[in-house]
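Architecture at a glance
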Amino acid sequence: MKKPFLILTVFSASLASAQPEWTVQQCMQYAVTHNTQVRQAELKLDNYRANRLGAIGNMLPSVEASVGMQYNFGRAIDPETNIYTDVSTFYNGYSVQASLPVFDGFNRLHALRAAQASVLMGKSALLQQQDKTALNVMQAFTNVVYYDKMVRMADEKRRETALLLRQTQVMLEVGRKSPADVALVESQQAEADYELTRQQNLKASALLELKKEMNYPLADSLRLTCNEITDCARRDYGSSMVSRNLIPELQQAYQSVLVSRHEWLQARAGFFPTLSLSAGLSTSFHKTLHSEETMPFREQFKNNLGEYVSATLHIPLFNRLQTLTGIRRAKNNYRIAQEQFKQKQLELEKLSREAWQDMQAYQQQVIQMERKVKADSLAYLLTRRQYEEGLSTAIDLHTTSTQLLKSRATLLQCRLMAVVKEQLVRYYQGETIWTE
């Protein structure tokens, strides 16, 4: 029974080791492809394209055909004699009509331009959602990397504490340490076990959050490679400024201003008269029921064929102030869009400068924490040697060990945050943070 179980265990371990590791770029690409909000933005963009196609269709003439059938019982007008009759008749009519608006105050033109601006706005919204998803995934990926490193440091601390406990027990046997020292080290061992379990739980929660951001199956395993994101780049970006031509969020606000402007001009077209042309063909067939002297259908269809051309001029005079109130609302929406665009510019500029300042601060903190980790490591080694020689207590060793672990954790956090802030600075300067 043990042999099949051992084979199954080895096979499962080999499958787990054979699973490819995901980089941060691969996670962002997967999220952009499978994220539900990105899909919704794609569908909204398709709606904008459909509206643009409909606006283009409104520029074309409309053609319609109709077929009518009518039975008359009792008193009616005879189409042949144009006099009243009381016999039952059957009437069948056919018509084809084409109409084209010639002038409508540029209503259709502004509607088309508004639809085109809406398509550009939808594209910017899609890019913004993709970038937002990529940034969220990068942040979640960074959290997983952080807790993964913390698990490793906690496990290292646990193994060192276990070794220290064995040394202290040996020193107790030879009389160099007291039972109180052993109890203190045992307490430190329990604390190290607790910290390792806590960091493992935090890592599992961070990995679950990453899967949610990626829309990745929560039950499937996900292995990550953490090498490329832990390197802190120190590239000089100068003073960060928002690239107005490349930031999708700002482009979306600008296109919204254009849409509102054309909708306002479209509403103003309601004051102008409209002129339209129409042309058509019509024919009919008539038969008196229970009569054998009816002209054949082919001859009536040909003889009754008629053509017509018409022009219609519509002049708006008074529609209960609906046009005026519509223009007022459209103009207010246009001004609101302008204010929102200015607000978005200021907001993005503020976020860009904050990201640049944070990146510079974290890069400086990395340099400072590297020196502190080096000093704390030396202090821990000296205290450890003194403890082995009986010149320091377990409390002193625990204090220096905790200080070293805290410094290493802070250094790791500064490095990861410097990478995240650098990506934000690149984003605000118009660079692409993820590749398709």
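Just so it is clear, the model here is predicted, and its values are computed rather than measured.

A word on the pattern of salt bridges
- Inspection of the entire model under this criterion finds 19 salt bridges.
- For D155, the salt bridge is made with R159, and the minimal N-O distance between the two is 3.1 Å. You can see D155 and its partner R159 sitting in helix α4 (residues 107–173), 4 residues apart, about one turn around the helix.
- A relative accessible area of 47% places R159 in the partly exposed class.
- With its nearest N and O atoms 2.6 Å apart, the salt bridge here joins K350 to E354. Within this pair, K350 and its partner E354 are both found in helix α8 (residues 322–388), separated by 4 residues, close to a single helical turn.
- Several salt bridges share partner residues, and in doing so they unite D148, R152 and K203 into one network.

Regarding the sheet that holds strand β4 (residues 89–103)
- Taken together, the 4 strands give an open sheet; going across it, the order is β1-β4-β5-β6, and neighbouring strands pair in antiparallel fashion. For this open sheet the edge positions go to β1 (62–72) and β6 (306–314), each flanked by a neighbour on one side alone. Shown here is a sheet whose adjacent strand axes are inclined to one another by a mean of 20°, direction ignored.
- As paired strands, β1 and β4 are joined by 11 bridges and run antiparallel to one another. Counterpart to E64 in the pairing with β4 is Q97.

Describing unusual backbone geometry
- Although it is not a glycine, F106 sits at a positive phi angle of roughly 65°.
- For F106, the position within the fold is in the loop between β4 and α4.
- Here the phi dihedral of N215 falls at roughly 60°; this positive angle occurs in a residue that is not glycine.
- In this structure, N215 sits in the loop between α5 (179–214) and α6 (248–268).
- By relative accessible area, which is 34% here, N215 ends up partly exposed.

Comments concerning the packing of helix α3 (residues 36–57) against α4
- Between α3 and α4, the shortest axis-to-axis distance is 8 Å and the interhelical angle comes to 170°. Judged by the inter-axis angle, α3 sits roughly antiparallel to α4.

Regarding the nonpolar core
- In terms of nonpolar packing, the biggest core is built from 51 residues, with W22, L210, M214, L222 and L224 touching the most fellow members.
- Mapped onto this core, the elements with two or more residues apiece are α2 (24–34), α4, α5, α6, α8 and α9 (394–428).
- Leaving out residues up to four positions away in the same chain, L210 has contacts with V137, A140, F141, V144, L222 and L224.
- One finds L164, V182, L397 and L411 within the second-largest nonpolar core, a separate group that totals 14 residues.

Parameters at a glance
Residues numbered from 1 in each chain as written. Predicted model: local features only at pLDDT ≥ 70, side-chain atom pairs only at ≥ 80, totals over all residues. Heavy atoms only, no water. Salt bridge = Lys/Arg side-chain N within 4 Å of Asp/Glu carboxyl O. Helix = DSSP H or I, 4+ residues; strand = E, 2+ residues; numbered from the N terminus. Buried < 20%, exposed > 50% of the residue type's maximum accessible area, 1.4 Å probe, protein only. Pairing = 2+ DSSP bridges. Axes fitted to C-alpha atoms, helices over the stretch in contact; angles between N-to-C directions. Parallel < 35°, antiparallel > 145°, perpendicular 65-115°, else oblique. Core = buried A, V, L, I, M, F, W, Y, C linked by side-chain atoms within 4.5 Å. Contact = heavy atoms within 4.5 Å.

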